[in-house]
Amino acid sequence: MSPSRICLLGATGTIGRATARALVRRGHDVVCFVRPGAAISDGATARVVNIADPDSVARDGFRGERFDAVVSCMASRTGAPKDAWAIDYQAHLNVLTAAKAAGVTRFVLLSAICVQKPLLAFQQAKLAFEAALMESGLIYAIVRPTAFFKSLSGQIERVRRGRPFLVFGDGTLTACKPISDDDLADYLADCLDNESRWNRILPIGGPGPAITPTDQGEALFALLGRPARFSHAPIALLDVIIGVLSALGRIAPPLAAKAELAKIGRYYGTESMLVLNPETGAYDADATPETGRETLFDYYRSVLAGDASAERGEHAVF
Ligand SMILES: NC(=O)c1ccc[n+]([C@@H]2O[C@H](COP(=O)([O-])OP(=O)(O)OC[C@H]3O[C@@H](n4cnc5c(N)ncnc54)[C@H](OP(=O)(O)O)[C@@H]3O)[C@@H](O)[C@H]2O)c1
């Protein structure tokens, strides 16, 4: 795509920051719709917008100007049902409506591979917007990545301090092909002009092979030069916690939100972040496309060497 005017949503998040850099590197004019006080990447422009208010999106965001494309890395910070429906669905719809009026023809959406098996409220909200985007008439690319490095890095510090690596069950219940922030950002930015990705749902992982939690723990201990040690947590424990919080949540709503967060933890403890074969119901590593060069274990190495800092994921289980 020749340098274009892009509206970027979620430019202050993990993938949004990397995507802002990738878009600026490609010479685009990147306008980020942000909350007050946001710091954004060099070379991009910030506009303070109340994304929940359609008038603010048009008035403070698009400002009656022409834009070529929207790239969205925006998502609810908590994944709690109310926030997910407000941001992952309704706020995106507000932008979609105003974007059409601004002349936008292309929309690249960062979604998540887990929506292929939607058991959680935030997944339903994402799916509802995916459907609205597909119906919109715009050229779309719906990118459904596997797990991010930050979501698989929550135990680096505890292992470094000499504690065992925690896994659910035997540590092989799930697998994923982790994708780095910059590799995913490049993939998103390239969706703007790679016609083979237009009007498609695009599951995407990083370089293979698929790895399990046990693989992650073993790699971490090997990098530290220590024998691997694991603690095993039964999934049934999470089921008890979810049951108790859900029951109490009927009388105390804040506990219902906590129950949803425990359900998110259980989901990631038991479901692989790989393409799901709808016929067999099994996750398929070979069917999960790969992109990029950076591996999770290279990232662990740079965190341990002090060259990178591990950001905790909002939905990190440990
Ligand atoms: N973690 C994983 O392993 C994983 C794997 C696959 C897919 N995903 C999906 O990838 C997406 C992005 O993840 P991420 O980790 O980059 O997200 P993140 O770091 O949590 O960033 C979320 C972005 O959305 C913005 N946002 C949230 N609520 C907002 C609001 N009310 N008004 C305006 N902006 C708002 C945030 O702005 P503020 O900075 O102002 O809060 C931030 O820029 C999510 O949809 C997630 O489900 C995640």
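Up top is the structure these notes are about.
So, here's what we can say about the structure. Only a predicted model underlies this, so the values are computations on that prediction, with no experimental measurement involved. (Residues numbered from 1 in each chain as written. Predicted model: local features only at pLDDT ≥ 70, side-chain atom pairs only at ≥ 80, totals over all residues. Heavy atoms only, no water.)

As for empty space enclosed by the protein
- Following the criterion strictly, the structure yields one cavity of 30 Å³ or more and no others.
- Its boundaries defined by the atoms lining it, the largest cavity holds a volume of some 50 Å³.
- The wall of the largest cavity is formed by Met74, Asp88, His92, Leu109, Leu110, Ser111, Lys126 and Phe129.
- Looking at the lining of the largest cavity, the elements that each hand over two or more residues are α3 (81-101), β5 (106-110) and α4 (121-135).
- Looking at the lining of the largest cavity, its residues break down into four nonpolar, two polar and two charged. (1 Å grid on protein atoms, 1.4 Å probe; cavity = no way out; pocket = protein on both sides within 12 Å on 5 of 7 lines; lining within 4 Å. Points joined across faces, edges and corners; volume = space filled by probe spheres on them. Helix = DSSP H or I, 4+ residues; strand = E, 2+ residues; numbered from the N terminus. Nonpolar A, V, L, I, M, F, W, Y, C, P; charged D, E, K, R; others polar.)

Things to note about the packing of helix α1 (residues 14-25) against helix α6 (residues 181-190)
- The contact between α1 and α6 brings their axes to 8 Å, and the two run at 55 degrees. Comparing the axis directions of α1 and α6 gives the class oblique. Read as a crossing pair, α1 and α6 show a hand that is right-handed. Along its contact with α1, which presents Thr14, Ile15, Ala18, Thr19, Arg21, Ala22, Leu23 and Arg25, the element α6 presents Asp181, Asp182, Leu184, Ala185, Asp186, Leu188 and Ala189.
- Looking at the contact of α1 with α6 residue by residue, the classes come out as eight nonpolar, two polar and five charged. (Axes fitted to C-alpha atoms, helices over the stretch in contact; angles between N-to-C directions. Parallel < 35°, antiparallel > 145°, perpendicular 65-115°, else oblique. Left-handed = near helix turned anticlockwise from the far one by under 90°. Contact = heavy atoms within 4.5 Å.)

Focus on the side chain of Gln216
- Of note, Gln216 is situated in helix α7 (residues 213-224).
- In contact with Gln216, other than residues within four places in its own chain, are Leu152, Phe165, Ile211, Leu296, Phe297 and Tyr300.

Quick notes on the packing of aromatic side chains
- Under the counting rule described, the total for this entry stands at 10 aromatic pairs.
- Seen in terms of ring centroids, Phe107 and Phe129 are 5.8 Å apart; in terms of plane orientation they differ by 50 degrees. Their pairing is tilted. Here Phe107, found in strand β5, pairs with Phe129, found in helix α4; they are 22 residues apart in sequence, far enough to count as distant.
- When its relative accessible area of 0% is taken as the criterion, Phe107 is described as buried.
- Each ring, one from Phe221 and one from Phe230, has its centre 6.4 Å from the other, and the planes form 65 degrees; the classification is edge-to-face.
- The class of Phe221 is buried, set by a relative accessible area of 3%.
- Taking the relative accessible area as the measure of exposure, Phe230 reaches 24% and is therefore partly exposed. (Phe/Tyr/Trp six-rings, centres within 6.5 Å; stacked < 30°, edge-to-face > 60°. Buried < 20%, exposed > 50% of the residue type's maximum accessible area, 1.4 Å probe, protein only.)

Considerations on the pairing of strand β4 (residues 69-72)
- Side chains Ala69 and Val71 project from β4 onto one buried face, and the interleaved Val70 and Ser72 project onto a second face that is buried too.
- Note: strand β1 (residues 5-9) against β4, four bridges, orientation parallel. Counted as the bridge partner of Leu9 is Ser72 from β4.
- Note that β4 and β5 share four bridges and pair parallel. Each bridged residue has a counterpart across the sheet, and for Val70 the counterpart in β5 is Phe107. (Pairing = 2+ DSSP bridges.)

A look at the layout of surface pockets
- When its volume is computed, the second largest pocket comes out at roughly 300 Å³.
- Along the wall of the second largest pocket there are 16 residues; nearest its centre are Arg21, Phe149, Asp181, Asp182 and Tyr299.
- Of all the secondary-structure elements, those providing two or more residues to the lining of the second largest pocket are α1, α6 and α10 (296-304).
- Here the lining of the second largest pocket gets four residues from one element, more than from any other, and that element is α1.
- Of the residues in the lining of the second largest pocket, the class split is four nonpolar, four polar and eight charged.

Some remarks on the site of the ligand
- Taken together, 23 residues surround the ligand, and among them Thr12, Arg35, Arg77, Lys126 and Lys150 come closest.
- Between the ligand and Thr14, the relevant distance is 2.9 Å, taken from an oxygen atom to a main-chain nitrogen or oxygen of the residue.
- Within the side chain of Ser151, a nitrogen or oxygen atom sits 2.8 Å from an oxygen atom of the ligand.
- Taking 930 Å² as the accessible area of the ligand by itself, protein coverage stands at 86%. (Near = heavy atom within 4 Å. Polar contact = N/O pair within 3.5 Å; in protein donor to acceptor, adjacent residues only side chain to side chain. Areas by Shrake-Rupley, 256 points an atom, 1.4 Å probe, with all protein chains shown as cover.)

A short note on α10
- Of all the positions in α10, only Leu296, Tyr299, Tyr300, Ser302, Val303 and Leu304 are classed as buried.
- In this structure, the buried residues of α10 make contact with α5 (156-160) and α7.
- Positive phi appears at Gly306, one or two residues downstream of α10, with a value of about 85 degrees.

A word on the packing of helix α8 (residues 235-249) against helix α9 (residues 253-270)
- Interhelical geometry of α8 versus α9 gives an angle of 160 degrees and a closest axis separation of 7 Å. Taken together, the axis directions place α8 and α9 in an arrangement best described as roughly antiparallel. Regarding α8 and α9, the two cross each other, and that crossing is left-handed. Along the contact surface, α8 presents Ile235, Leu238, Asp239, Ile241, Ile242, Leu245, Ser246, Leu248 and Gly249, while α9 presents Pro253, Leu255, Ala256, Lys258, Ala259, Ala262, Lys263, Gly265, Arg266, Gly269 and Thr270.
- Along the lines of polarity and charge, the residues of the contact of α8 with α9 split into 11 nonpolar, five polar and four charged.

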